[in-house]
Amino acid sequence: MSTTEVNEFGRMEWLPSEYEDQVALAMQIISNAYSGKVKQLQTEIRNLSDTLKERSTTISIQEKQIKNLQGDCNETQARNNQLMQENKNLVAVITKLRQDKSKLQTLKKNIMDSISYDDRPNNFFLETQGSNTHDDFETEADLYEKFPLTSQEMFPERQTTTDGPDIRQSQFEKTDTLLQDINNTL
């Protein structure tokens, strides 16, 4: 209350003297206070409604983004599973190829051992790589002597003996057996 003068009976001097007028003034003060409070609350309600609309819009946008991200995550997970399966398949193929390579290397070694290049005479190739031509030989027999036509002539130590099997034939049989074993394993 402002500084107003109060008389000896406890009344304020600015009030109307009639009680009806005082009641009308009080009603007007209450009405003004009520309408001012209603306007203030309506303004606050409008502000809160605007804030609620903005937040609802933000929430709906974020929900759409979440749905899109979940879809992307599901696609990525499916792709990841597919790539993991392909990786497992490739590892299996690589393992199989390594095993096959190892078998083929073993086969190659066995074949090379069975052919035995080391059994050939050391000087045979040296003799044949000279500057000899057909004109250098006096007879055809000399030519055949320098360049044998059959493997028995080239490798006399491999000739069959009367008391045992043909050494060369047994080497071919070993090679055939090895090839059949490899074909069976593959």
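Predicted, not measured: the structure shown is a model, and the values here were computed from it. (Residues numbered from 1 in each chain as written. Predicted model: local features only at pLDDT ≥ 70, side-chain atom pairs only at ≥ 80, totals over all residues. Heavy atoms only, no water.)

On to the pattern of salt bridges, then. In total, this model carries two salt bridges according to the counting rule given. A salt bridge links Lys96 to Asp100; its shortest N-O distance comes to 3.3 Å. Of the two residues, Lys96 and Asp100 are both situated in helix 1 (residues 19-115); the distance of four residues between them amounts to about one turn of the helix. Residue Asp100 is classed as buried on the basis of its relative accessible area of 16%. Between Asp113 and Lys109 there is a salt bridge; the shortest N-O distance is 3.1 Å. (Salt bridge = Lys/Arg side-chain N within 4 Å of Asp/Glu carboxyl O. Helix = DSSP H or I, 4+ residues; strand = E, 2+ residues; numbered from the N terminus. Buried < 20%, exposed > 50% of the residue type's maximum accessible area, 1.4 Å probe, protein only.)

Before going further, it helps to spend a moment on the confidence of the model for the protein. Reading predicted coordinates in detail is not appropriate for stretches of low pLDDT. With 61% of its residues at a pLDDT of 70 or more, the protein has an overall mean of 76. When pLDDT is averaged over each element of the protein, helix 1 comes out on top at 93 and helix 2 (residues 124-128) at the bottom at 47. Counting interchain partners and residues more than four positions distant, the pLDDT-below-50 stretch residues 121-134 has 13 contacts. (pLDDT = per-residue confidence, 0-100. Contact = heavy atoms within 4.5 Å.)

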